[in-house]
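Chain by chain, the residues:
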Amino acid sequence: MKYILPLLLAATLATAHAGEAEIRKNLGGSFPQLAQIDEVRKAAMPGLWEVRQGFDLYYTDEQGNFLIQGNLIDVKNRRNLTEERVDKLTAVDFDKLPVQDAIKIVRGNGKRKLAIFEDPNCGYCKQFERELRKVDNVTIHLFLYPVLGPDSAVKSRDIWCSKDKAKVWSDWMMEGVKPTTGECDTQALKRNVEFGRKYNITGTPTLLFANGSRTPGAVPAAQVEQQLSAAGN
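Residues numbered from 1 in each chain as written. Predicted model: local features only at pLDDT ≥ 70, side-chain atom pairs only at ≥ 80, totals over all residues. Heavy atoms only, no water.

Let us now look at the overall build of the protein. Looking only at helices and strands, the protein features seven helices and 11 strands. Its C-alpha radius of gyration of 23 Å places the protein more than 25% over the 17 Å reference for a compact globule of 233 residues. Seen through its principal axes, the protein has C-alpha atoms that stretch 70 × 40 × 30 Å. In the protein, which comprises 233 residues, the proportion classed as buried is 42%. Accessible surface, the protein: about 13,400 Å² in total, of which carbon and sulfur atoms supply 53%. Separation between the mean location of the 32 positive side-chain charges and that of the 29 negative ones in the protein comes to 3 Å. (Helix = DSSP H or I, 4+ residues; strand = E, 2+ residues; numbered from the N terminus. Rg over C-alpha atoms; globule rule 2.2 N^0.38 Å. Buried < 20%, exposed > 50% of the residue type's maximum accessible area, 1.4 Å probe, protein only. Areas by Shrake-Rupley, 256 points an atom, 1.4 Å probe, with all protein chains shown as cover. Lys, Arg positive; Asp, Glu negative; His and termini not counted. Charge placed at Lys NZ, Arg CZ, Asp CG, Glu CD.)

Glancing now at the state of the cysteines. Per the stated rule, a full pass over the model turns up one disulfide. One disulfide bridge connects Cys161 with Cys184, the sulfur atoms lying 2.0 Å from each other. Because the sign of the S-S torsion sets the handedness, a value of about -85 degrees for the bond joining Cys161 and Cys184 places this disulfide among the left-handed ones. Of this pair, Cys161 sits in the loop between helix H4 (150-160) and helix H5 (165-175) while Cys184 sits in the loop between H5 and helix H6 (187-198), placing them 23 residues apart in sequence. Among the residues examined, Cys161 registers a relative accessible area of 18% and is labelled buried. (Disulfide = S-S within 2.5 Å.)

On to the nonpolar core, then. In this structure, Leu114, Ile116, Leu207 and Val224 are the most contacted members of the largest nonpolar core, which totals 28 residues. With residues near it in sequence (within four places) discarded, Leu114 still touches Phe94, Leu132, Val138, Thr139, Ile140, His141, Leu207, Leu208, Phe209, Val224 and Leu228. Grouped together as the second largest cluster of nonpolar side chains are 13 residues, Leu97, Ala115, Tyr145 and Phe195 included. (Core = buried A, V, L, I, M, F, W, Y, C linked by side-chain atoms within 4.5 Å. Contact = heavy atoms within 4.5 Å.)

For the structure on display, the rule yields four aromatic pairs. Relative to Tyr145, the ring of Phe117 has its centre 5.5 Å away and its plane inclined at 90 degrees; by these criteria the two rings are edge-to-face. With Phe117 in strand E8 (residues 112-118) and Tyr145 in the loop between strand E9 (138-144) and H4, this residue pair connects regions lying 28 residues apart in the sequence. Tyr145 gets classed as buried once you look at its relative accessible area, which sits at 2%. On the basis of an interplanar angle of 5 degrees and a centroid distance of 5.9 Å, the ring pair of Phe117 and Phe195 is categorised as stacked. Placement of the pair is Phe117 in strand E8 and Phe195 in helix H6, with a sequence separation of 78 residues. Residue classification places Phe117 among the buried positions, given a relative accessible area of 0%. Among the aromatic residues, those joined into a cluster by ring pairs are Phe117, Phe143, Tyr145, Phe195 and Tyr199. Of note, Lys165 hangs over the ring of Trp160, and the distance from its end group to the ring centre comes to 5.0 Å. (Phe/Tyr/Trp six-rings, centres within 6.5 Å; stacked < 30°, edge-to-face > 60°. Lys NZ or Arg CZ within 6 Å of the ring centre and 35° of its normal.)

A few words now on H5. Within the span of H5, buried status applies to Val168, Trp169, Ser170, Trp172, Met173 and Met174. The inward-facing, buried residues of H5 contact E8, helix H3 (123-132), E9 and H4. Among the residues trailing H5, Gly176 stands out with phi positive, at a value near 80 degrees.

Spatially, five strands are ordered E7-E9-E8-E10-E11 in an open sheet, and the strand pairing comes out mixed. Unpaired on one side and paired on the other, strand E7 (103-107) and strand E11 (214-216) mark the two borders of the sheet. Across the sheet, the mean angle separating the axes of adjacent strands is 20 degrees when strand polarity is ignored. Where E7 lies against E9, five bridges are found, and the strand directions are antiparallel. (Pairing = 2+ DSSP bridges. Axes fitted to C-alpha atoms, helices over the stretch in contact; angles between N-to-C directions.)

This part covers the pairing of strand E1 (residues 39-42). By the bridge criterion, four bridges tie E1 to strand E2 (residues 49-53) in an arrangement that is antiparallel. What sits directly across from Arg41, in E2, is Glu50. Where E1 folds back on E2, the antiparallel hairpin that results is connected by six residues, among which Gly47 adopts a positive phi of roughly 85 degrees.

Next up, the structure:
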């Protein structure tokens, strides 16, 4: 018996590696865009394999003869397994956020924590800022995220180079007061964009909470309050 178990394990591993190699070969040969695959692993559904390229997930059979693009749903437990997997891949450890590259805004006792990625030319961000004014007792780490064009980079530079960054940001987003031209080290803005790309932050505003969860879009203040509570804040 002690010899059989290692043999079974070795056979299982060999089959897994064979499946992965065949999938890579067949998919890469059929689809040039899948020539570089980051990861191949068995999916929760029997007979199905997950193929990952960056944050894009596909599903295939053991030979790589069929390709599925879409969500894998656990019907019994009502779970979107694809969404959960992407959430795990893009999860951000809040305590490791590069907060030195953000504008710190403290309201009330500042006990609760929230990080936000926003573009100064984002209409939804301006809408969200009005909702955010209703949230108190929170420390906000605002990451300028100029992804909507060259003017966004200019405005982000002018805000970041201001003496009172938080006030200039608020004046622009809430009142439309254009920031004055500023010059300083703007490497932080470049790092913000690189960080966002790494963690698949594809739109603004994007909210990050202390428990690693994220929410895209201009959500109402009540939802922010709920998620701050759920995050243990």
